Amino acid sequence: MPADPIAKTAVPPSTADFVRRSLVRKGRWGVAEIGFWAVAAATLFLLPERHLILNEIAIIGLFALSLDLILGYAGIVSLGHAAFFGFGAYMAGILAKHGFADPLLGLVVSALAAALLGFVTSFLVLRGTDLTKLMVTLGVALVLGEIANQASWVTGGADGLQGISMGPVLGLFEFDIFGTTAYAYSLTVTFLLFIVARRIVVSPFGLSLRSIRDNPLRARAVGIPVNRRLVAVYTLAAAYAGVAGALLAQTTQFVSLDVLAFHRSADIMLVLVIGGAGYLYGGLLGAIGFKVLQDILSAWTPQYWQFWIGLILVVLVLVGRERLTDKAKALRPRSRGRLAGQAKVLPTTTAGEV
Amino acid sequence: MLTILFDGIAYGMLLFVLACGLAVTLGLMNFVNLAHGAFAMAGGYVTAVLMNRYGMPFLATLPLAFIVPAFVGLALERTLYKQLYARSHLDQVLFSIGLVFMAVAAVDYAMGSQQQLIQLPGWLQGRVEVLGIQVGLYRSFIIAICGVLVVVLQLILSKTRFGSRLRAAVDDPRVARGLGINVGLIFATTFAVGSGLAGLGGALGAEILGLDPTFPLKFMIYFLIVVTVGGTTTITGPFLASLILGIADVAGKYYVPSLGAFIIYTLMIVVLILRPQGLFARAR
């Protein structure tokens, strides 16, 4: 009797075990990761004249990380993620303008406010096709932009919110004009939030998000509460974006309508695409790549750098953006080899049309 | 009051001509093309350049405003768009945003960032009074042209061989191909005509909507609203949606200018929540 090779291993008391072990393994910090953050910390001392741009990179990185949570992990296509970024920025700016100058208080309030907005609007993106989600997220950002434009007695309208003065961080570190405090502050916040996000995506919760992204119908059939998970991650991502916006408002001490503009949502998508969606370092690496690119291009053609950004986007899509991330993954043969042996036990399905 | 209604209808008609190409690519072919406004801008600039630099009469530039974007659209479809039909929506969005950025910067480089002005011929300027309503001549002209276009389009789609082939190709490309329909050719033609119509709309609208390099970004959302709210199974859906949008926008700007675009965006969100398939479409 020919034995089915799968039948032998088919009684899997190991499935839950396997998942648990693989999650724990993914949760371990690799050398490259520690190196990445060590380099980031070293730039605090080694590149003192670049702190202003590094500060922007840290903020954009956090913003892209937030988009990655919903786009890369949960598969929600959003064209209006700047809504939360801008909301957080205005929140922090307005708070500081009215005398609550403590930066950390501003961060917490902005995060909560953006999370609330994200929670409320998350119910709008649960329904409909990709196109509907696109339009609804875009619409939410546009509505907020209109409100910020019209409610000029609160937001300063088209002139921007001026006269923000921040207190020292933790009551100790004053913001300086070289951006050193600002960079240290943004980097620390980004790092802490990154650790939280990292913990989340290697938890069973994160695993369920990925299964929803790959096949929502199947995920529902396995018993994952799809809608609740999506609401949760959307709210979380909104809070992250709000913190990123608040960081920008606090460190630049200025908020303009630009934080809610469409091009900000589009740019952050580009950042994520450059870095690669679906793994946490995508946003951070993308932020570095994007900012460096923007710096070079705008020094070269100050007025028309958008052309080259557009060209890069087009080429990236045509070449296939997955290819870049696949190469990055291929650089880590260790984890691949280890999974390859056990992968047969857990047959995976490709994403199907639902 | 009636004048506002009239202006709103003209505006809506214009939006329909601008957006109907998108209704086909986005609605029927299921391709999220955010760069549609770039073709409209191309048409507008063709007219502006021909009139201002070469002194051609307004009417004579209109056919060219159709033909040039149509050929650009055809070339892009054959070389680039074609490869993305089967890709994910995210890829399509990224690709077309990239195109928009390129178009905006390129036009800025070639033409400068200022507003392009078009001198309308004398017989299209001014207003006349019809049955006690103030009616703009140019707007009547737009309504007439767009009205004819709507009827012709509807007839082509529903009565001709090409129309039924297009519908077949859209419904099920594989079966259509099996029946000997050249799906690639049909899609390319449709894309070219859609781009050409957008160009024509851009040329007609240069006077009303304004024309500068940021045109594709400014009006992208309007086109998308027309298509998503109108639903995508017929051509009448987007048509009604553009009329509603046009009238609501003009009336909103006239009566409650402080609320601005707020009403329209909110309405769009509400409609999309209640009817994700669009206002006039049956759920599939």
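Being a predicted model, the structure only gives us computed values, none of them experimental. (Residues numbered from 1 in each chain as written. Chains lettered and ligands numbered in written order. Predicted model: local features only at pLDDT ≥ 70, side-chain atom pairs only at ≥ 80, totals over all residues. Heavy atoms only, no water.)

Visitor: What am I meant to see in the overall build of chain B here?
Guide: Scanning chain B for helices and strands turns up 11 helices and 2 strands. Put simply, chain B runs from its N terminus to its C terminus through helices and strands in the order α-α-α-α-β-β-α-α-α-α-α-α-α. Buried residues in chain B amount to 57% of all 284 residues. Summarising the internal contacts of chain B: among those between residues at least 6 apart in sequence, 76% fall at separations of at least 24. (Helix = DSSP H or I, 4+ residues; strand = E, 2+ residues; numbered from the N terminus. Buried < 20%, exposed > 50% of the residue type's maximum accessible area, 1.4 Å probe, protein only. Contact = heavy atoms within 4.5 Å.)

Visitor: Where do I start with a nonpolar patch on the surface in this structure?
Guide: All names here are of chain B. Taken together, the side chains of Met1, Leu2, Leu5, Tyr254, Tyr255, Val256, Leu259, Ile263 and Leu267 present a nonpolar region at the surface, about 880 Å² in accessible area. For the nonpolar patch, the elements supplying multiple residues, two or more each, are helix H1 (2-28), helix H10 (236-255) and helix H11 (262-274). Residue placement: Tyr255 occurs in helix H10. Note on Tyr255: relative accessible area 48%, which makes it partly exposed. (Patch = residues over 30% accessible without salt bridge, like charges linked within 9 Å, V, L, I, M, F, W, Y side chains within 5 Å. Areas by Shrake-Rupley, 256 points an atom, 1.4 Å probe, with all protein chains shown as cover. Salt bridge = Lys/Arg side-chain N within 4 Å of Asp/Glu carboxyl O.)

Visitor: Please explain the packing of helix H5 (residues 82-97) of chain A against helix H12 (residues 226-252) of chain A as it appears in this structure.
Guide: The axes of two packed helices give the description: the angle between them and the distance between them. All names here are of chain A. Their axes nearest at 6 Å, the elements H5 and H12 cross at an angle of 50 degrees. In terms of orientation, H5 lies oblique with respect to H12. When you trace H5 past H12, the crossing you get is right-handed. Contacts from Phe84, Phe85, Gly88, Ala89, Ala92 and Gly93 in H5 reach Tyr234, Ala238, Ala241, Gly242, Ala244, Gly245, Ala246, Leu248, Ala249 and Gln250 in H12. Here the residues of the contact of H5 with H12 sort into 11 nonpolar, 5 polar and no charged. (Axes fitted to C-alpha atoms, helices over the stretch in contact; angles between N-to-C directions. Parallel < 35°, antiparallel > 145°, perpendicular 65-115°, else oblique. Left-handed = near helix turned anticlockwise from the far one by under 90°. Nonpolar A, V, L, I, M, F, W, Y, C, P; charged D, E, K, R; others polar.)

Visitor: I would appreciate a short explanation of the packing of aromatic side chains in the present structure.
Guide: All names here are of chain A. Under the criterion given, the structure shown has 18 aromatic pairs over all chains. Ring geometry for Phe194 against Tyr281: centres 4.9 Å apart, planes inclined by 55 degrees, an arrangement best described as tilted. Of this pair, Phe194 sits in helix H9 (residues 180-201) while Tyr281 sits in helix H14 (residues 281-300); the two residues are 87 residues apart in sequence, bridging distant segments of the chain. Of the aromatic side chains, those joined through ring pairs into one cluster are Phe36, Trp37, Phe191, Phe194 and Tyr281. (Phe/Tyr/Trp six-rings, centres within 6.5 Å; stacked < 30°, edge-to-face > 60°.)

Visitor: Just checking my understanding: could you explain empty space enclosed by the protein for this structure?
Guide: Leftover empty space is mapped by rolling, across the atoms, a probe with the size of a water molecule. Residue and element names in this part refer to chain A. The tally for this structure, following the rule as stated, stands at 1 cavity of 30 Å³ or more. Estimates place the volume of the largest cavity at around 30 Å³. Around the largest cavity, the lining residues are Leu79, Leu138, Ala141, Leu142, Leu260, Ala261, Phe262 and Ser265. In terms of residue count, helix H7 (residues 130-150) provides more of the lining of the largest cavity than any other element does, 3 residues in total. Residue classes in the lining of the largest cavity are distributed as 7 nonpolar, 1 polar and no charged. (1 Å grid on protein atoms, 1.4 Å probe; cavity = no way out; pocket = protein on both sides within 12 Å on 5 of 7 lines; lining within 4 Å. Points joined across faces, edges and corners; volume = space filled by probe spheres on them.)

Visitor: Which parts of the structure should I look at to understand the interface of chain B and chain A?
Guide: The interface of chain B with chain A comprises 42 residues on the first partner and 39 residues on the second. One can count 0 salt bridges joining chain B with chain A. The interface formed by chain B and chain A holds 0 residue pairs in polar contact (both at pLDDT 80 or more) in total. For the side of chain B that touches chain A, the secondary-structure elements that each account for two or more residues are helix H4 (89-111), helix H9 (215-230) and H11 of chain B. Here the residues of the side of chain B that touches chain A sort into 31 nonpolar, 8 polar and 3 charged. (Polar contact = N/O pair within 3.5 Å; in protein donor to acceptor, adjacent residues only side chain to side chain.)

Visitor: Explanation requested: unusual backbone geometry in the structure shown.
Guide: Here the phi dihedral of Gln253 of chain A falls at roughly 55 degrees; this positive angle occurs in a residue that is not glycine. Structurally, the position occupied by Gln253 of chain A is in the loop between H12 and helix H13 (262-275).

These figures come from the coordinates and say nothing about function on their own.
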